[in-house]
Amino acid sequence: MVVKASEKEEEYFARMEFERRKKAMEEEHRKVTEENMRKLKELHYMRCPKCGMELIEVAYKGIKTDECSECKGIWLDAGELEAVSKLEKTGLDKFFSIFKA
Ligand SMILES: [Zn+2]
């Protein structure tokens, strides 16, 4: 596969932007107390990060995916996007068909 210079540039800037935001967030997190962390988790656990409604957990081939019961957004935990990307084409089609109901 030939990677165009502009693609490499886009990848570079996306990574730089991510790292910049991550650093800023880590700084913010240092100001949050353990008590507040616990309260936030209690309030947001298994809730959609976009609309706040309940998430429905679906397990397929060891991949646990959470779908929002309201806006249909799909959320993945750390490492799960990599696991999804490793599914064969037919497995990937089956995976997506779960959410078409
Ligand atoms: Zn939602």
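The structure this text deals with has already been given above.
Thresholds, definitions, all that
Residues numbered from 1 in each chain as written. Predicted model: local features only at pLDDT ≥ 70, side-chain atom pairs only at ≥ 80, totals over all residues. Heavy atoms only, no water. Donors = N, O, S within 2.8 Å, 3.2 Å for Na, K, Ca; no water. Tetrahedral: all angles 85-135°; square planar, octahedral: opposite > 155°, others 65-115°. Pairing = 2+ DSSP bridges. Helix = DSSP H or I, 4+ residues; strand = E, 2+ residues; numbered from the N terminus. Axes fitted to C-alpha atoms, helices over the stretch in contact; angles between N-to-C directions. Contact = heavy atoms within 4.5 Å.

Enquirer: Explain the coordination of the zinc ion to me, please; I cannot follow it from the model alone.
Expert: Geometry reference: four tetrahedral donors at a metal, ideal angle 109.5 degrees. Six octahedral donors, ideal angles 90 or 180 degrees. Taken together, Cys-48 (SG), Cys-51 (SG), Cys-68 (SG) and Cys-71 (SG) make up the full set of protein donors to the zinc ion, lying 2.3 to 2.4 Å away. Between the four donor atoms coordinating the zinc ion, the angles at the centre fall across 99 to 123 degrees, so the site counts as tetrahedral. Spacing between the donor residues of the zinc ion along the chain follows C-x2-C-x16-C-x2-C.

Enquirer: Looking at this structure, I do not really get the sheet that holds strand 1 (residues 55-60). What am I missing?
Expert: Backbone-to-backbone hydrogen bonds join strands into a sheet, with any given pair of strands oriented parallel or antiparallel. Here we have three strands laid out as an open sheet, ordered 1-2-3, and antiparallel in their pairing. In this open sheet, the two strands that pair with only one neighbour each are strand 1 and strand 3 (74-76). Each strand axis lies, on average, 30 degrees off the axis of its neighbour in the sheet, ignoring direction. Summarising the sheet, strand 1 and strand 2 (residues 63-68) pair through six bridges and their orientation is antiparallel. Following the sheet pairing, Ala-59 is matched in strand 2 by Lys-64. Strands in contact with helix 4 (residues 89-98) are strand 1 and strand 2; relative to strand 1, the strand with the most contacts, it is inclined by about 155 degrees.

Enquirer: Got a minute to help me understand the environment of Ile-98 in this structure?
Expert: Take Ile-98: it is sitting in helix 4. Put simply, Ile-98 and Val-58 are 40 residues apart on the chain and 8.5 Å apart in space, counted from C-alpha to C-alpha.

Keep in mind these values describe shape, not function.
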